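# Observations on chain architecture
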There are 2 protein chains.
Amino acid sequence: MTTPDPRLSINQATLKHADLATALRVTAEAGVQSIGLWREPVLEVGLEAASRMLADSGLRFSTHCRGGFFTLPEGPARVAALDDNRRAIEEAATLAAAGAEGSKAILVLVAGGIPEGSRDLLGARERVRDAIGTLAPDAAAAGVTLAIEPLHPMYVSDRAVVSTLGQALDIAADFEPSVVGVTVDTFHIWWDPQVLEQIARAGSEGRIATYQVCDWKTPLAADVLLSRHYPGDGVIDFGSLTRAVEATGYDGDIEVEIFNEEVWATDPLLAVQRTSAGFSAAVSPHLAWVPAA
Amino acid sequence: MTTPDPRLSINQATLKHADLATALRVTAEAGVQSIGLWREPVLEVGLEAASRMLADSGLRFSTHCRGGFFTLPEGPARVAALDDNRRAIEEAATLAAAGAEGSKAILVLVAGGIPEGSRDLLGARERVRDAIGTLAPDAAAAGVTLAIEPLHPMYVSDRAVVSTLGQALDIAADFEPSVVGVTVDTFHIWWDPQVLEQIARAGSEGRIATYQVCDWKTPLAADVLLSRHYPGDGVIDFGSLTRAVEATGYDGDIEVEIFNEEVWATDPLLAVQRTSAGFSAAVSPHLAWVPAA
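This is a predicted model, so every value here is computed, not measured.

## Details of the interface of chain B and chain A
Tallying the contact residues gives 31 residues for chain B and 31 residues for chain A. Summed over both sides, the interface of chain B with chain A buries roughly 2,300 Å², with 64% coming from carbon and sulfur. Here chain B is connected to chain A by zero salt bridges. Here chain B is connected to chain A by 10 residue pairs in polar contact (both at pLDDT 80 or more). Of all the elements, helix H5 (residues 121-142) of chain B adds the most residues to the side of chain B that touches chain A, at three residues. Residues of the side of chain B that touches chain A, tallied by class, amount to 16 nonpolar, 10 polar and five charged.

The structure is reproduced here in structure tokens:
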């Protein structure tokens, strides 16, 4: 068993069926130094208990997942969604303060799809921009970075009307980089003919809040949401993408977030070890930045 | 039953289980004026017989489907693929000459995916460009337009490394517009934040060889290749896309090509009628160009 890369972070979704205590335990036990958490398992134990558990684990906290779902039209459901995002911002700040040194207060944002019964993709995109404008002061006050995540275009109608890194950066451009950044996730953007130039742009604009790696292979799972794989198991060239991110000076944690029934059915410690091995083989050789000892 | 739109063309893939004779018969019987053919059912009866049958049908010929699959590395398989494309070019020319007035000699090109065992997406894209350069003189000599079709990014690894209209236009830019154009298919490009500007660009560069419409809805079929729907059954806004195409001056046939198990299980005449009804409701209201009587 090789020592896990010091910059690897396990996104909790990779261990979907593990509760928070288990996720923290197996991540630390495997020698991984950082974790990204999801709201549901955190709220299952309560924010205060979750913060204590995180602090006790000795792990860094890399991101909070997730806010967003901003495409609803004006009305009570939209107001409720924005309020829920304000709670998520507070959670991200609290957890980042509880995590080990180097923890980050980042809330990953998924835009949301086209509302039921609508065909207005452009209108939905405008409402994403409006919602981020509404939440930016809350994020700034809490010291949290909102990280807009472009999702693969196969999710455009039901999950995220923001599909490319360029589009995410265009939205972020209205705000301070410390308040609104982007999530660079290889699975979602590797196909984009503009990906390398948009990664460079994201870096020069100071917008790379978090870098996430997982792999793509076909045939896609019947539920396309569950098509993510361990780094190295598919066809993504992690070399060119990782070097592009590193060239911007990004020196943060790198998360692996895998939605995959087979991975979820694996013993969680084994899943972390397998993730770590894939990361060491496929991603680590391309890293320029190693944290100071 | 409303009269079919005079610009509607039925792409034969919509009637996958019909042979050529049946496809021609039901398309004409429904009052549709144009058809796009696939190589396999044409070659099943032979090119000469297919040309006679097409001429007898009185239908226009809108496209030939399909050539491409250009991403193989140098070697006998690549040479064979290029030779096969040369035959497809000849077929397109022959069928266009046999079809009714207004027929077009267009060969739709699907780029091909990343070859087995490779992770070199950029290299695969370069080989697409090279192959088109090799075939362009053959197409020019035959009076055939090669129509590069960007496919949705969910097909990038196994089917088409050309994913956006902008990327297809960048490849086409090296060639005469009469020789290399693009296929504008709503299903593949509707999600693209740059779609309207790239349609305008395609028009101003004289590259829109064919416009194709079908709809998108979720959940996607378990085999994502089979997720295409009748116009109007999903979430695509055919108004903005169709007006953008029409604004370029495009006045050709508009194909409906549906890969969908349920549509394929429908009686072929009913499938044509259903396609025509969807087209009349979702697409026709946005058409500026009506063929001269």
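## Re the environment of Pro41 of chain A
All names here are of chain A. Mapped onto the secondary structure, Pro41 falls in helix H2 (residues 39-45). Residues Pro41 and Ser280 lie 239 residues apart in sequence; the distance between their C-alpha atoms is 28 Å. Excluding anything up to four places from it in sequence, Pro41 contacts Gln12 and Leu20.

## Overview of the pattern of salt bridges
Side-chain pairs of opposite charge can arise where the charged atoms are in close proximity. Scanning the entire structure with this criterion turns up 34 salt bridges over all chains. Two residues, Arg86 of chain B and Asp138 of chain B, come together in a salt bridge whose shortest N-O distance is 3.3 Å. Of this pair, Arg86 of chain B sits in helix H4 (residues 76-98) while Asp138 of chain B sits in helix H5, and the two are 52 residues apart along the sequence. What makes Asp138 of chain B partly exposed here is its relative accessible area of 26%. The closest approach of N and O atoms between Arg201 of chain B and Glu205 of chain B, which form a salt bridge, is 3.0 Å. A residue is classified by how much of its surface remains accessible, and Arg201 of chain B, at 21% relative accessible area, is partly exposed. One continuous salt-bridge network, built from bridges that share partners, spans Arg39, Asp84, Arg87 and Glu91 of chain A.

## Overview of the sheet that holds strand E2 (residues 34-38) of chain B
All names here are of chain B. Reading around the barrel, the eight strands line up as E1-E2-E3-E4-E5-E6-E7-E10 and close back on themselves, with parallel pairing between neighbours. Taking the axes of each pair of neighbouring strands and ignoring which way they run, one obtains an average angle of 30° across the sheet. Pairing of strand E4 (residues 106-110) with strand E5 (residues 145-148), which is carried by four bridges, proceeds in the parallel orientation. The residue bridging Val108 from the neighbouring strand is Ala147, located in E5.

## Observations regarding the confidence of the model for chain A
Confidence in the prediction for chain A averages 96 pLDDT; 98% of positions are at 70 or higher. The ipTM assigned to the predicted complex is 0.95, against a pTM of 0.96.

## Quick word on the packing of helix H4 (residues 76-98) of chain A against helix H5 (residues 121-142) of chain A
Any two packed helices are characterised by how steeply their axes cross, that is the angle between the axes, and by the distance between the axes. Residue and element names in this part refer to chain A. Across the interface, H4 lies against H5 with an axial gap of 10 Å and an inter-helix angle of 35°. Taken as a pair, H4 and H5 cross one another with a handedness that is right-handed. Here Arg78, Leu82, Asn85, Arg86, Ile89, Glu90 and Ala93 of H4 come into contact with H5, specifically with Arg127, Asp130, Ala131, Thr134, Leu135, Asp138, Ala139 and Ala142. Of the residues in the contact of H4 with H5, the class split is seven nonpolar, two polar and six charged.

## What about the relation of the copies chain B and chain A?
For the pair chain B and chain A, the superposition axis carries a translation of 0.0 Å, the fit reaches an RMSD of 0.0 Å, and the rotation angle comes to 180°. Expressed as an axis order, the relation between the two copies is that of a two-fold axis. Rotation axis and chain B: the residue whose C-alpha lies nearest the axis is Ala222 of chain B, separated from it by 2.1 Å. Taken as a fraction of all interface residues of chain B, those also at the interface in chain A reach 100%, which identifies the copy contact as same-surface.

## Side note on the layout of surface pockets
Approximately 640 Å³ is the volume attributed to the largest pocket. Lining the largest pocket are 30 residues, and of these Thr164 and Gln194 of chain A together with Asp192, Pro193 and Gln194 of chain B sit closest to its centre. Listed by contribution, the elements that provide at least two residues to the lining of the largest pocket are H5 and helix H6 (165-172) of chain A together with H5, helix H6 (165-172) and helix H8 (195-204) of chain B. Of the residues contributing to the lining of the largest pocket, the split by class is eight nonpolar, 10 polar and 12 charged.

Here is what the cut-offs are and how they apply
- Residues numbered from 1 in each chain as written.
- Chains lettered and ligands numbered in written order.
- Predicted model: local features only at pLDDT ≥ 70, side-chain atom pairs only at ≥ 80, totals over all residues.
- Heavy atoms only, no water.
- Contact = heavy atoms within 4.5 Å.
- Buried area = accessible area lost by both parts, 1.4 Å probe.
- Salt bridge = Lys/Arg side-chain N within 4 Å of Asp/Glu carboxyl O.
- Polar contact = N/O pair within 3.5 Å; in protein donor to acceptor, adjacent residues only side chain to side chain.
- Helix = DSSP H or I, 4+ residues; strand = E, 2+ residues; numbered from the N terminus.
- Nonpolar A, V, L, I, M, F, W, Y, C, P; charged D, E, K, R; others polar.
- Buried < 20%, exposed > 50% of the residue type's maximum accessible area, 1.4 Å probe, protein only.
- Pairing = 2+ DSSP bridges.
- Axes fitted to C-alpha atoms, helices over the stretch in contact; angles between N-to-C directions.
- pLDDT = per-residue confidence, 0-100.
- Left-handed = near helix turned anticlockwise from the far one by under 90°.
- Least-squares fit on C-alpha atoms with pLDDT ≥ 70 in both.
- 1 Å grid on protein atoms, 1.4 Å probe; cavity = no way out; pocket = protein on both sides within 12 Å on 5 of 7 lines; lining within 4 Å.
- Points joined across faces, edges and corners; volume = space filled by probe spheres on them.

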